[in-house]
Amino acid sequence: MTTSSPRAATDADLMDQVARGDRSTRNAAFQELVERHRDRVHAICHRYFRDPTDAEDATQETFLTVLRRAGTFRGEAQVSTWMYRVAVNTCHDMARRRARRPQTPVQDIGLVSDLQGATHSDEDELDALALSDVLREALATLDDETRGLLILCAVEEVPYAEVAATYGIAVGTVKSRVHRARARLVDLLGPVLDDEDEDVAVPPASTSGPAAGSDAPPSVRGPPG
C-alpha cells in the first residue's frame, strides 16, 4: 500500500497563514514566501533603480509591506502578481521620497530592440551606458501606474490577465496602455537609436537574474516578533 506525500503549501496557503496563523506558523510561512519570490522581487527593484543599494532597500521594504498587508490579499490574482505590484509601488514611493527618477537600464526593458520588434547581434548592441539616461528620461514621462504595467507585462512577462486582476482593470485596458507606453518609448528613443555608433559593442544582457555579490538579493528574515 502506497501513501501519497503531503501536498506542498501553495502561495495562497502561505499568505493565509501569514495573515491568520499563530506566531510560529506565521514566521515559517512568511520565510517560505520570501524564499520563493525574493529573486524576482529583487530583479524588479533592481531594474527600476539600477542601483544595488536602492534595490536591496526596496526589496526589504516590499516584503515588510507584504507582511503588513497579508490580510488584504483577496485572491483575485495570484500571490506572485500581487507581490510584484507591491514591489513596483514600493519603488515608486521610494523614488518620490528621494526625489529621484527610476533608473531602468536599457538592457532590462526587454531592450529597445524588443520594443521595436527587432533583433540585434552582439556587434549591433547599443551602448547601454550612454542610452540609459535617455531611456530613464523617457520612462519618467509615463505615469506611475503605466510604468508599473510596462515593467510587469513587457519586462517580467506576467500574463495580461493576472496584471489586470491585480490592478483591478480590464485586460483590454492593460494591453492598450502597455502598447501605447511601448510606442511612446520607441518614438522618444528612435532618434537616439539612429544616431548610435554601430561599432560600439556591449556585452549581452544577462538572463540569469541578479548577479552575485553586491547585487545579490538581501536575506529577508522572518517577521518581527
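Residue indices follow the written sequence of each chain, beginning from 1 at its first position. Owing to the predicted nature of the model, reporting of local features is limited to residues with pLDDT of at least 70; listing and counting of side-chain atom pairs is limited to 80 or more, with chain, interface and lining totals taken over all residues. Calculation of side-chain values draws on the structure's entire complement of heavy atoms; hydrogens and water are dropped beforehand.

Undergrad: Let's hear about the overall build of the protein: which residues, and what values?
TA: The helix and strand inventory of the protein stands at nine helices and zero strands. Secondary structure elements are taken from DSSP: a helix is a run of H or I of four residues or more, a strand is a run of E of two residues or more, and numbering for both begins at the N terminus. Going from N to C terminus, the protein has its helices and strands arranged as α-α-α-α-α-α-α-α-α. Burial status across the protein gives 44% buried among its 225 residues. Residues are treated as being in contact if the distance between any of their heavy atoms lies within 4.5 Å. The long-range fraction of contacts in the protein, counting pairs at least 24 apart against all pairs at least 6 apart in sequence, stands at 74%. Per-residue accessibility takes into account occlusion by the displayed protein chains alone, with areas from the Shrake-Rupley method and a 1.4 Å probe. When the accessible surface of the protein is split by element, carbon and sulfur atoms take 47% of a total near 11700 Å². Relative accessibility decides the category of a residue: with a 1.4 Å probe and only protein chains considered, values under 20% of the type maximum give buried, values over 50% give exposed, and everything between is partly exposed.

Undergrad: Before we move on, could you go through the pattern of salt bridges and cite the residues and values that matter?
TA: Criterion for a salt bridge: a side-chain nitrogen of Lys or Arg within 4 Å of a carboxyl oxygen of Asp or Glu. Scanning the model with the defined rule gives 10 salt bridges in all. Of the charged contacts, one joins E61 and R68 as a salt bridge, the two residues approaching to 3.2 Å between their closest N and O atoms. The class for E61 is partly exposed, based on a relative accessible area of 29%. For R177, the salt bridge identified is with E145, shortest N-O distance 2.8 Å. Separated by 32 residues along the polypeptide, R177 in helix α9 (residues 171-195) and E145 in helix α7 (residues 144-155) bring together distant segments of the chain. Classification of R177 by relative accessible area gives buried; the value is 17%. Using a relative accessible area of 30% as the deciding quantity, one classes E145 as partly exposed.

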